[in-house]
Amino acid sequence: MMTSVTTVTSTSVRRAVGAAFRAVILGAPASGKGTVSSRIVKNFNVKHISSGDILRRHIMQKTELGSEVKRYLDRGELVPDETMVALIGKEVESLGETTNWLLDGFPRTVAQADRLQQLYPVNLVINLVVPHPVILKRVEGRWVHLPSGRVYNIGFNAPKVPGKDDLTGESLVQRPDDTPEVVGRRLKDYAKNTEPVIEYYKKSGILQEFHGSTTDEMWPSIKDYVAQFVS
Ligand code: G5P
Ligand code: MG
């Protein structure tokens, strides 16, 4: 499939001039949010906050929050809004006013998006649209390094040594929510709870959609788009 992108409005570009880069990346499970975010971080002065990576680190470290949220992640269900708003609000606050940031995995509901707009209004939203059969294929081959959130896929960006993180040599794991059954639930949940968030941002005129079947074909237009907002 060819990558397609709708034209950027001059209004949305003007809105961002002089302001810190406050962005959200949306997309179904395994659409490539983490992969695209790591490319944005490599190319631009932007901090990446991934709600899923933070939650998985809490679970790995067996914190109080980790034990509270584990059952939701294992089943592919959403963690309650209040927990997520408190967690991500604290992360964003810790970065300070002038830091450029990109939120990945948050907001997931209209209630979260509303709260984010009140606390820290975002000025651009990237929406990745990837066909579902492609997504289902990807989750089979996904391996993650939990402490860093680095993500690999056999045949796309396989680790140099099978089962080991390229930078630390530590073990990679498969996510318990990457089974076909749980992924099916996550995709349904996305349609029900997160597609309304896409409409929410569309109405405010700050959403940009990128369609494609591979990250490599989508990346050049995403990179050009982001470059209009941040260096
Ligand atoms: P997460 O962690 O936010 P999802 O479901 O939103 O989980 P996920 O699964 O992390 O998103 P992604 O980040 O969009 O996917 O995708 P990715 O990891 O970059 O890429 C997927 C795989 O494809 C990787 O192996 C990558 O290497 C590969 N890949 C990328 N591009 C290509 C390509 O072009 N070709 C090929 N072959 N492979 C490629 O949330 C997890 C859970 O946390 C809770 C929920 O329980 C959620 O289910 N949670 C929240 N709950 C409530 N509210 C919130 N705001 C929450 N946030 C998290
Ligand atoms: Mg991710």
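Everything below is about the structure printed above this text.
Treat the numbers as computed from the prediction; the structure is a model and nothing was measured. (Residues numbered from 1 in each chain as written. Chains lettered and ligands numbered in written order. Predicted model: local features only at pLDDT ≥ 70, side-chain atom pairs only at ≥ 80, totals over all residues. Heavy atoms only, no water.)

Looking at this structure, I do not really get helix H9 (residues 215-227). What am I missing?
Residues spaced three or four apart along an α-helix face the same direction, because each turn holds 3.6 residues. Between the first and last C-alpha of H9 there are 17 Å, a value that for 13 residues agrees with the 18 Å anticipated at 1.5 Å per step. Within the span of H9, buried status applies to Thr-215, Met-218, Trp-219, Ser-221, Ile-222, Tyr-225 and Val-226. (Helix = DSSP H or I, 4+ residues; strand = E, 2+ residues; numbered from the N terminus. Expected span 1.5 Å × (residues − 1). Buried < 20%, exposed > 50% of the residue type's maximum accessible area, 1.4 Å probe, protein only.)

Would you mind showing me how to read the packing of helix H5 (residues 81-95) against helix H6 (residues 110-119) here?
Two quantities define a packed helix pair, namely the angle between the helix axes and the distance between the axes. Contact geometry for H5 and H6: axes closest at 10 Å, N-to-C directions at 30°. With respect to each other, H5 and H6 are oriented roughly parallel. In this structure, the crossing between H5 and H6 has a hand that is right-handed. Note on element contacts: H6 touches H5 through Ala-111, Gln-112, Arg-115 and Leu-119, opposite Asp-81, Met-84 and Val-85. (Axes fitted to C-alpha atoms, helices over the stretch in contact; angles between N-to-C directions. Parallel < 35°, antiparallel > 145°, perpendicular 65-115°, else oblique. Left-handed = near helix turned anticlockwise from the far one by under 90°. Contact = heavy atoms within 4.5 Å.)

Before we go on, may I ask you to explain the site of ligand 1 in this structure?
The immediate surroundings of ligand 1 are formed by 33 residues, with Thr-35, Glu-77, Arg-142, Arg-186 and Thr-215 found nearest. Between ligand 1 and Arg-142, the relevant distance is 2.7 Å, taken from an oxygen atom to a side-chain nitrogen or oxygen of the residue. With four residues, helix H3 (residues 51-60) is the largest single contributor of residues to the shell around ligand 1. Grouping the amino acids of the shell around ligand 1 by side-chain chemistry returns 13 nonpolar, 12 polar and eight charged. (Near = heavy atom within 4 Å. Polar contact = N/O pair within 3.5 Å; in protein donor to acceptor, adjacent residues only side chain to side chain. Nonpolar A, V, L, I, M, F, W, Y, C, P; charged D, E, K, R; others polar.)

Sorry, what's going on with the nonpolar core here?
For soluble globular proteins, the rule of thumb is that nonpolar side chains tend to be buried together. Membership of the largest hydrophobic core comes to 56 residues, with the highest contact counts inside it found for Leu-26, Ile-40, Leu-103, Ile-126, Tyr-201 and Ile-222. When sequence neighbours within four positions are dropped, the list of residues in contact with Ile-126 reads Val-24, Ile-25, Leu-26, Ile-40, Gln-208, Phe-210, Ile-222 and Val-226. (Core = buried A, V, L, I, M, F, W, Y, C linked by side-chain atoms within 4.5 Å.)

For this particular structure, what's the right way to read the pattern of salt bridges?
Here the idea is simple: oppositely charged side chains can pair when their charged atoms come close. All told, the structure shown has 13 salt bridges when counted by the stated rule. Of the charged contacts in the structure, one is a salt bridge between Arg-150 and Asp-165, with a shortest N-O distance of 2.9 Å. Of this pair, Arg-150 sits in strand S7 (residues 150-153) while Asp-165 is found in the loop between S7 and helix H8 (180-203), placing the two residues 15 residues apart along the sequence. In this structure Arg-150 comes out as partly exposed when scored by relative accessible area, which is 28%. Linking Arg-186 and Asp-178 is a salt bridge whose minimum nitrogen-to-oxygen distance equals 3.1 Å. On the basis of relative accessible area, Asp-178 is assigned to the buried category, the value being 10%. (Salt bridge = Lys/Arg side-chain N within 4 Å of Asp/Glu carboxyl O.)

Please explain the packing of aromatic side chains as it appears in this structure.
Taken as a whole, this structure holds three aromatic pairs when the rule is applied. With a centroid separation of 5.3 Å and an interplanar angle of 85°, the aromatic rings of Tyr-200 and Tyr-201 are classed as edge-to-face. Residue classification places Tyr-201 among the buried positions, given a relative accessible area of 0%. Three or more aromatic residues joined by ring pairs form one cluster here, namely Phe-210, Tyr-225 and Phe-229. (Phe/Tyr/Trp six-rings, centres within 6.5 Å; stacked < 30°, edge-to-face > 60°.)

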